[in-house]
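Each chain, written out:
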Amino acid sequence: MSRTKVRNWRNLLEKRVTELTELAKELCPEAEVVVTSPIGDEDAAIEVFVPSEKYDELQQALIQKSVDINWEDGFFISTVVHEKSER
């Protein structure tokens with residue numbers, strides 16, 4: 001793959017990760033979003049920590065967006081939602 005294609009691929013991947021991050025923050029401003037190292041076949045990985053009352057909404061929305069991205073661009077972006085522990 002040429003350098004230009006690699007750069008374009010990385011730019012698009014970064015844009016798509018940003019879209020997922022922004023979606024999480026839009027639905028739950030107090031969400032903590034962590035971009036982690038991808039594992040295996042993943043192109044990127046995101047973990048989101050939210051209050052328990054937002055868990056289902058965020059999980060469903062992020063999985064749907066991740067699937068849409070996969071269909072549109074072929075990226076496999078793993079999205080994992082965790083409930084924040086009450087301290």
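Quick caveat: nothing in here was measured; it's all calculated off a predicted structure.

Quick look at the environment of H82 now. Along the chain, H82 turns up in strand β3 (residues 77-83). Other than its neighbours up to four places away in sequence, H82 contacts E47, V48, F49, V50 and Y55. At 2.6 Å, the side chain of H82 and the side chain of E47 are in polar contact.

Another point: the nonpolar core. One broad rule of soluble globular proteins: the nonpolar side chains tend to lie buried together. If you look at the biggest cluster of nonpolar residues, it comprises 17 residues, and the most contacted ones within it are V48, V50, L58, L62 and I77. With 5 residues, helix α1 (residues 3-27) is the largest single contributor of residues to this core.

Along an α-helix, residues three or four apart share an orientation, since each turn contains 3.6 residues. Between its first and last C-alpha, α1 extends 36 Å over 25 residues, near the 36 Å set by a 1.5 Å rise per residue. All buried positions along α1 are accounted for by L13, R16, V17, L20, L23 and A24. Buried residues in α1 make contact with β1 (32-36), β2 (44-50), α2 (55-73) and β3.

The rules we used
- Residues numbered from 1 in each chain as written.
- Predicted model: local features only at pLDDT ≥ 70, side-chain atom pairs only at ≥ 80, totals over all residues.
- Heavy atoms only, no water.
- Helix = DSSP H or I, 4+ residues; strand = E, 2+ residues; numbered from the N terminus.
- Contact = heavy atoms within 4.5 Å.
- Polar contact = N/O pair within 3.5 Å; in protein donor to acceptor, adjacent residues only side chain to side chain.
- Core = buried A, V, L, I, M, F, W, Y, C linked by side-chain atoms within 4.5 Å.
- Buried < 20%, exposed > 50% of the residue type's maximum accessible area, 1.4 Å probe, protein only.
- Expected span 1.5 Å × (residues − 1).

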